[in-house]
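Okay, here's what each chain looks like letter by letter:
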Amino acid sequence: TLESLSLEGNNIGDEGAKAVCEGLASNNTLKTLHLHGNKISDAGGDCLVEALKVNSSITSISVGGKPMSDATKAKINALVKRNNERSTEAAAEVEAERRRRAAAAPTSATTTAAAPPPSAA
């Protein structure tokens, strides 16, 4: 399962960003995406914003560099922060459920009745 993808410095523009966005729409395992050092403008950045609205698995993304504006980067970072919070909450819920089940499970210690003494006949 692919969890990290680095496309840093690959001269990716807005069309390439749109292709990445299409992939994000159907992916729920990718956690880290590196797009730093490409030529993605606000048009491609807006596509990433829309993709991150439906993809909650991305918890780390790098999109630094020009020509994307700081405002678009801030939108992307806000959605990634939301994904991180959701991921943390989900992990806490899983851990709480694990603890509830462990507390409710019967203990492995069993008691056995002693066998009656042999009868003297």
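All of the points below concern the structure found in this document. Keep in mind it's a predicted model, so treat the numbers as computed, not measured.

Some points on unusual backbone geometry
Okay, so step 1: Phi angles above zero are rare outside glycine, and Asn 11 is one such case at about 60 degrees.
Okay, so step 2: Within the secondary structure layout, Asn 11 lies in the loop between strand 1 (4-6) and helix 1 (14-25).
Okay, so step 3: A residue is classified by how much of its surface remains accessible, and Asn 11, at 52% relative accessible area, is exposed.

Notes on the packing of helix 1 against helix 2 (residues 42-54)
Geometrically, a packed helix pair is captured by the angle between its two axes and the distance between the axes.
Okay, so step 1: In contact at an axis separation of 8 Å, helix 1 and helix 2 are set at 5 degrees when each is read in the N-to-C sense. With respect to helix 2, the element helix 1 is oriented roughly parallel. Note on element contacts: helix 2 touches helix 1 through Ala 43, Gly 44, Cys 47, Leu 48 and Ala 51, opposite Asp 14, Ala 17, Lys 18, Cys 21 and Leu 24.
Okay, so step 2: Of the residues assigned to the contact of helix 1 with helix 2, the class counts are seven nonpolar, one polar and two charged.

Concerning empty space enclosed by the protein
Okay, so step 1: Scanning all chains against the criterion turns up one cavity of 30 Å³ or more.
Okay, so step 2: Together, Leu 35, Asn 38, Ile 40, Val 63, Gly 64, Gly 65, Lys 66, Pro 67 and Met 68 line the largest cavity.
Okay, so step 3: Grouping the amino acids of the lining of the largest cavity by side-chain chemistry returns five nonpolar, three polar and one charged.

Brief notes about helix 3 (residues 70-104)
Okay, so step 1: Compared with the 51 Å implied by 1.5 Å per residue over 35 residues, the 51 Å span of helix 3 between its first and last C-alpha is a close match.
Okay, so step 2: Next to the buried residues of helix 3 lie helix 2 and strand 3 (60-62).

Parameters and conventions
- Residues numbered from 1 in each chain as written.
- Predicted model: local features only at pLDDT ≥ 70, side-chain atom pairs only at ≥ 80, totals over all residues.
- Heavy atoms only, no water.
- Helix = DSSP H or I, 4+ residues; strand = E, 2+ residues; numbered from the N terminus.
- Buried < 20%, exposed > 50% of the residue type's maximum accessible area, 1.4 Å probe, protein only.
- Axes fitted to C-alpha atoms, helices over the stretch in contact; angles between N-to-C directions.
- Parallel < 35°, antiparallel > 145°, perpendicular 65-115°, else oblique.
- Contact = heavy atoms within 4.5 Å.
- Nonpolar A, V, L, I, M, F, W, Y, C, P; charged D, E, K, R; others polar.
- 1 Å grid on protein atoms, 1.4 Å probe; cavity = no way out; pocket = protein on both sides within 12 Å on 5 of 7 lines; lining within 4 Å.
- Points joined across faces, edges and corners; volume = space filled by probe spheres on them.
- Expected span 1.5 Å × (residues − 1).

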